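Each chain, letter by letter, is given below.
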Amino acid sequence: MVPIHISTRVAELHKILHAHNYHYYVEQAPIITDHEFDQLLRELQEYEAAYPSLVTSDSPSQRVGGEVSEKFPKVAHPGPILSLGNAFGAEEAHDWAARIARLDDRVESTSFTVEPKIDGLTVVLHYENGLFVQGATRGNGEIGEDITANLRTIRSMPLRLPVAPDADVVVPTRLVVRGEAFLPVAEFEAMNEKLAAAGEKTYVNPRNTASGALRNLDTKVTASRPLTLLCYQVVLIEGVTLTSQWETLEYLKALGFPVPAVSTLFDKIDDAVAFCVEWGEKRHALTYETDGMVIKVNPNDLYEDLGITGKDPRAAVAFKYPAEEVTTTLNDIGVNVGRTGVLTPYAILEPVAVGGVVVKQATLHNFDFIFEKDIRIGDRVLIKRAGEVIPYVIGPVEAARSGAEVVFEIPTLCPVCGELAEQPEGEVAVYCMNTSCPAQLKRVIEHFVSRGTLDIDGFGEKLAVQLVDEGLLSDVADVFTLTKEQLLTLDGFAEKKAVNLVAAIDVAKTRPLDRLLSALGIKGVGDVAATDLAKRFGSLDALQAASVEDLVAIEGIGPISAQFVADWFVKPSNQKLLDKLRALNVWPTQAVVEASPDDEALAFSGMTFVLTGTLPNWSRSDAKAFIEQHGGKVSGSVSKKTSYVVVGASPGSKAAKAEQLGIQLLDEAALQALIAL
DNA sequence: GATCCTCGAGTTCG
DNA sequence: CTCGAGGATC
């Protein structure tokens, strides 16, 4: 007997999966990601495996796909274009190998290929005597759509075989090849940058963009998209015999088909799985998006003999990486107040796993962002982790709208203090205009004591909030007059913690001028400007006495920033703050450097470096100190002017951008070696 | 005046 | 990391 709750859930899964199939195949507007679909299908398959009586002929697990849209003529594939079973993680991949080993003794000693699972559109290409005659989408796996004209616009697709006329290769009389059409990530980003600059709506991801382009009725649109292609399977061949997958890949390459470069042949399944795991980290270096790798039994005869289960061949499995893009519900939009008074909206999300962690919140940057993307409260939204860390809302899934979504309204009052919020002319940001807004004060103090500025150990966001709420602080100078007795009145403070904090505050009184300057939070003055100002003026007195002209003379300070500095010193509340600091003897000075030092002799003078990833022995600040010590500059972003990019473990997009711009990459050792020259 | 570059600010989770 | 905005440069 099947438990009632399971049969209910299975019926529900049937309904859900059929609906998603419809959205995906017919409307071409999926409302969940492929990964989420896989998860649901898997759940169903698990129930069906446990209770075989649940398997019905109309179960979504028994179907290869869905309907075929009416837009294009239909093409019957010469053989079924199968999908693959999934393995999430190394353990499941080993389970798969063990399963097929039990079915056939030859598996024990066979070889395997590993190929990337490209996130694009499957296409089926027909050649007769070397001539490209027809191309189709995958459709439902049996019948696809004729997109021959669109495919012809893809420049990497061979129109005549062999591509190199003098290639030493036998051309089959008939050949049907399976490949993946996609938009390279870099091309996609460049396209979106252009669209964004023109104020137009941007595309959600490369896959959807490629799909739209390839299935556009106007081939001129297809041609304008830099689509490309990689091929990896022979569906049908006449006139030539191939005996293994590896031989197939080599043969396709010889004919002139583009073949995935990372494809590798392994003698042992353990090595194949290890290779998949290894690429989980490295895959972002590829020009295309992947959500996994495909492990295939190499010899064709064994591949065939292992047969098919449902809709998947037993002899291959997709090794899937954790999803990086998921959809979830936007429950609400909250508003934060920053230390400058900027109101920043953030998404309150139905918790969802992305790239291995559960995300509940994501910033929405500013109010324009919400309206440009047309994000509404209650929407299904697509989430990714930018640079594999920070959650980022890509945009709404418009196809999933019910009509109950609510358009967000820009607040006219500060959500914390209730005072009027204003948007200065020509700016995107909306500010809370109340300078004594408690939210602002909390953030100002947090910044004052944080690691990049005065670096007071044991002083963080929570304490800043506590102290302001208790009324113990009314400006940043009050931090220095905090006593052990005051701290002991706070929740979570006992003798030892209070003593340590008072000592840490004492140490911070003698931080160098540049640190104090950036701690003050003068508009336009951060890390870099503070260092430059400190170097040129040497004391707060000298800086205060400086005219706007004096300030503009510094490279990197223009008229606007100079005015911000001058205005800051004029403000009465800041004058009061300065008086307090002076009285407390928090008044660092340093030697004035008139012009840039004569560092022509230094190895790195005139060079700009960018750091990314984690270096083996040095921290980021060690590396920065090393570069600066030798006369180089360290910048945060890669540009044409960058001399070198120093790459550590698990680098971000900066390494990719450097490669794109043809900038030389260095590791820690290579950076040190530059000095030896 | 346009374009590229750099800086500053806000930001998520464990 | 991403975004906005100021500064440098042609």
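Fair warning: this is a prediction, and the values are worked out from it, not measured in the lab.

**Q** Let's hear about the overall build of chain A: which residues, and what values?
**A** When you go through chain A residue by residue, the secondary structure sums to 24 helices and 26 strands. Dimensions along the principal axes, computed over C-alpha positions, put chain A at roughly 90 × 70 × 50 Å. Each of the 677 residues in chain A was classed as buried or not, and the buried ones make up 45%. The long-range share in chain A, meaning contacts at least 24 apart out of those at least 6 apart in sequence, stands at 66%. Total accessible area on chain A is roughly 33600 Å²; 52% of this is exposed by carbon and sulfur atoms.

**Q** Talk me through the protein's contact with DNA strand B; I want residue IDs and the actual numbers.
**A** Around DNA strand B there are 23 residues in total, and Asn-336, Arg-339, Lys-360, Pro-391 and Gly-526 lie nearest to it. Sugar and phosphate atoms constitute 92% of the interface atoms of DNA strand B, taking the interface as everything within 4 Å of the protein. In the model, a phosphate oxygen of DNA strand B is placed 3.4 Å from a nitrogen or oxygen of the Arg-443 side chain. Separating a phosphate oxygen of DNA strand B from a backbone N or O atom of Asp-527 is a distance of 3.3 Å. Elements supplying a minimum of two residues to the surface near DNA strand B: strand 16 (357-363), strand 19 (390-396) and helix 17 (527-537). Here the element with the most residues in the surface near DNA strand B is strand 16; it accounts for five residues.

**Q** How would you summarise the pattern of salt bridges if you had to cite specific residues and measurements?
**A** Taken as a whole and judged by the stated rule, the model has 19 salt bridges. Here Glu-250 ties to Lys-253 by a salt bridge, and the two come within 3.8 Å at their closest N and O atoms. Highlighted residues: Glu-250 and Lys-253, both in helix 8 (residues 245-255), separated by three residues, approximately one helical turn. Judged by relative accessible area, which is 40%, Glu-250 ranks as partly exposed. A salt bridge links Arg-443 to Glu-446, with the nearest nitrogen and oxygen atoms 3.6 Å apart.

**Q** How would you summarise the nonpolar core if you had to cite specific residues and measurements?
**A** Within the largest apolar cluster, 52 residues are counted, with the highest numbers of intra-cluster contacts made by Phe-448, Ile-456, Phe-459 and Leu-533. Counting only elements with at least two residues in this core, the list comes to helix 12 (438-449), helix 13 (461-469), helix 15 (495-508), helix 16 (513-520), helix 17, helix 18 (540-545), helix 20 (559-570) and helix 21 (572-583). Summarising the domain contributions, this core has at least three residues from each of domain 4 (438-508) and domain 5 (513-583). Those residues in contact with Ile-456 that sit more than four places away from it in its chain are Val-449, Val-479, Leu-501, Ala-504, Ile-505 and Ala-508. Core analysis: the second largest hydrophobic core is formed by 34 residues, Val-123, Met-191, Ala-210 and Val-259 among them.

**Q** Requested: an account of the confidence of the model for chain A, with residues and values cited.
**A** In this model, chain A carries a mean pLDDT of 85, and residues with pLDDT of at least 70 account for 92%. The model gives residues 64-69 a pLDDT under 50, and that stretch makes 22 contacts with residues more than four places away or in other chains.

**Q** Account for helix 16, with residues named and values stated.
**A** In terms of residue burial, helix 16 counts as a mostly covered element, since six of its eight residues are buried. Among the residues of helix 16, Leu-513, Leu-516, Leu-517, Ser-518, Ala-519 and Leu-520 are the ones counted as buried. Structurally, helix 16 contributes buried residues whose contacts are with helix 12, helix 17, helix 18, helix 20 and helix 21. Following helix 16 by one or two positions, Gly-521 adopts a phi angle in the positive range, close to 75 degrees.

Conventions used here
- Residues numbered from 1 in each chain as written.
- Chains lettered and ligands numbered in written order.
- Predicted model: local features only at pLDDT ≥ 70, side-chain atom pairs only at ≥ 80, totals over all residues.
- Heavy atoms only, no water.
- Helix = DSSP H or I, 4+ residues; strand = E, 2+ residues; numbered from the N terminus.
- Buried < 20%, exposed > 50% of the residue type's maximum accessible area, 1.4 Å probe, protein only.
- Contact = heavy atoms within 4.5 Å.
- Areas by Shrake-Rupley, 256 points an atom, 1.4 Å probe, with all protein chains shown as cover.
- Near = heavy atom within 4 Å.
- Polar contact = N/O pair within 3.5 Å; in protein donor to acceptor, adjacent residues only side chain to side chain.
- Salt bridge = Lys/Arg side-chain N within 4 Å of Asp/Glu carboxyl O.
- Core = buried A, V, L, I, M, F, W, Y, C linked by side-chain atoms within 4.5 Å.
- Domains from an automatic or database assignment.
- pLDDT = per-residue confidence, 0-100.

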